Structure formats: structure tokens, C-alpha cells
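Structural overview for review
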Amino acid sequence: MIWSKYSAPQAFYPLAGRLIPWFAAVAVILMVVGLYMGFFVAPTDFQQGESYRIIFVHVPAAWMSMFLYVVMAIWAGVGMGLNARLSFMMAQAIAPTGAMFTFLALLTGAMWGKPTWGAWWVWDARLTSELILLFQYAGVMLLRTSIDDMRRADRSSAVFALVGVVNVPIIYYSVQWWNTLHQGASVSMATGSKMAATMLTAMLIMTIAFWMYSIAVILARVRCVMVEREALPTWDDKPAAMPEAVEAR
């Protein structure tokens, strides 16, 4: 099975190195296409004018912030259940990227909110829960760095990540559960899309671009985590050439 073959860090390391350029290239191409369609091809919104175009960055970033947290929690749960080092490493590598997308979602949301609501920030349920998500990412990273013992750090941050998953559905359903200023979802599995076809296409392309970017960056970061954890100056791209000290672990 693929999992059993690449579950060892010394086997996954060269695989990640081969995949990074492909995901990075796809991310750049799709990002260029998505931004061009969103800012130059998509029609002007009849209510919000040109200011609405920030959603082509804001919405995919918000989606990725929630999606990556769930993926991070899944890796953390697998690490705890199977005592798999690679799973803990993946969870560690995902956290900074998830935090970046959460911050980007908050920043672009503020840029959209100023002309729409007349304020950079309001204590809206959606905004507040998204801000809490940023603190959760920070908590996962800080908890890991504050504990010297690696095994304890892995498990403590994994428990924190798993408990924090409860905030993801709160973010998603906040506009339905509370009376908020934030508008409801324009794209839904139940009701379909309320957007023009060009707008929806641009948003989906940007979402896939952010997804590809995340994979490339996370793979690059997990390689750094592997090198750091094994206390080696570098790792050979061929697993067979790994030092005996690493293979024995």
C-alpha cells in the first residue's frame, strides 16, 4: 500500500521533493488565470460595484483556513491513533499555512468591510469566530514550541487541534445561527450558486490555486521539519542512502 510505503519520513522525503515543483507550477498558473478572470473578466456587481472583487481572494482564503484546520486535525488524530511520526510532522507543517490563510481572510474581509459596512472591523459572529481560528492556529504552533520533549509536544498540540475542530462548523454556520452583518453563502451544495458563471469560475480557479499552493508549501515545510527533527544538515533524496542512525529509528 502507498501509505505503508511512504509512511516512513526517509521514504516520504524524496517523494515530497519530486511533487513540490509540480504543485507549485500548477498553483502559479491557476492563480494568474483566476486573478485575471476575477479582476478583469468578471462583470461589475450591480450593488457593490468594483469593491466586491476582493472576494476572489477573500472567499478562497476563508475556505482554505477552515479546510486546512480540519486536515491538520485529521493528521494529528492519525498521529495519536497510530503513533505515526509522519502524521505529527504533517500536522506541524500545515499549521503555519493555515494561519496565513486565516490572516489573509481577515485582512481581505476588512478591506471588503470598509466600503460595504463603513468599518474595518465589527464584532460579527463570522468575523469573531474566524479570529478565534487564527488564535487556535497560533496556539497549536506555540504549544509545540513551548514543550521541549518532542513526543509530549506532538500529543499536546494534537489534542489542542482536535478540540479546536468544533470552531469550524461554528464559523461556517454562524450566518445561519445568529443575526450577523456578514452575508450568507453565495455558493452552497443545497441551493447551488447565486453568482454569475464567470464569477463562480474565477472563484473556483482561485480556490484550486490556493489548494495547490498549500500542498506545495506544506510539502516543502514538512521536509524542513524532517531535517530539523532528525538533526541532520541535509537529507539525501535517495532513501537507500540515508544514514544508519536515521534508518534505525
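1. Remarks on the pattern of salt bridges
A full pass over the atoms with the stated rule returns two salt bridges. Asp154 serves as the salt-bridge partner of Arg144, at 2.4 Å between the closest nitrogen and oxygen. One end of the pair, Arg144, is in helix H5 (residues 125-146); the other, Asp154, is in helix H6 (residues 150-164), with 10 residues separating them in the sequence. Across the pair Asp154 and Arg229 runs a salt bridge whose closest N-O atoms are separated by 2.6 Å. Pair noted here: Asp154 is in helix H6 and Arg229 is in helix H8 (residues 197-230), with a separation of 75 residues, a long-range link. Considered together, Asp154 and Arg229 belong to a single accessibility category, that of buried residues.

2. Considering a nonpolar patch on the surface
Judged by side-chain polarity, Phe103, Leu107, Met111, Trp120, Trp121 and Trp123 come together as a nonpolar surface patch covering roughly 710 Å² of accessible area. Within the secondary structure, Met111 sits in helix H4 (residues 85-117). The partly exposed category is assigned to Met111, whose relative accessible area is 42%.

3. Here we look at the nonpolar core
If you look at the biggest cluster of nonpolar residues, it comprises 43 residues, and the most contacted ones within it are Phe12, Met72 and Tyr137. Secondary-structure elements contributing two or more residues to this core are helix H2 (9-41), helix H3 (55-82), H4, H5, H6, helix H7 (167-177) and H8. No other element matches H4, which puts 12 residues into this core. Setting aside its immediate chain neighbours within four residues, Tyr137 contacts Ser65, Leu68, Tyr69, Met72, Ala95, Gly98, Ala99 and Thr102. Met37, Tyr52, Trp112 and Met199 belong to the second-largest nonpolar core, a separate cluster that totals 12 residues.

4. Describing the packing of aromatic side chains
Inspection of every chain in the model, using the stated rule, returns six aromatic pairs. Aromatic pair Phe67 and Trp211: ring centres 6.0 Å apart, planes at 80°, arrangement edge-to-face. Remark: Trp211 occurs in helix H8 and Phe67 occurs in helix H3; sequence separation between them is 144 residues. The exposure class assigned to Trp211 is partly exposed, which follows from its relative accessible area of 43%. These aromatic residues form a ring-pair network of at least three members: Phe101, Phe210 and Tyr213. Positioned above the aromatic ring of Tyr13, the side-chain terminus of Arg223 is 4.0 Å from the ring centre.

Analysis parameters
Residues numbered from 1 in each chain as written. Predicted model: local features only at pLDDT ≥ 70, side-chain atom pairs only at ≥ 80, totals over all residues. Heavy atoms only, no water. Salt bridge = Lys/Arg side-chain N within 4 Å of Asp/Glu carboxyl O. Helix = DSSP H or I, 4+ residues; strand = E, 2+ residues; numbered from the N terminus. Buried < 20%, exposed > 50% of the residue type's maximum accessible area, 1.4 Å probe, protein only. Patch = residues over 30% accessible without salt bridge, like charges linked within 9 Å, V, L, I, M, F, W, Y side chains within 5 Å. Areas by Shrake-Rupley, 256 points an atom, 1.4 Å probe, with all protein chains shown as cover. Core = buried A, V, L, I, M, F, W, Y, C linked by side-chain atoms within 4.5 Å. Contact = heavy atoms within 4.5 Å. Phe/Tyr/Trp six-rings, centres within 6.5 Å; stacked < 30°, edge-to-face > 60°. Lys NZ or Arg CZ within 6 Å of the ring centre and 35° of its normal.

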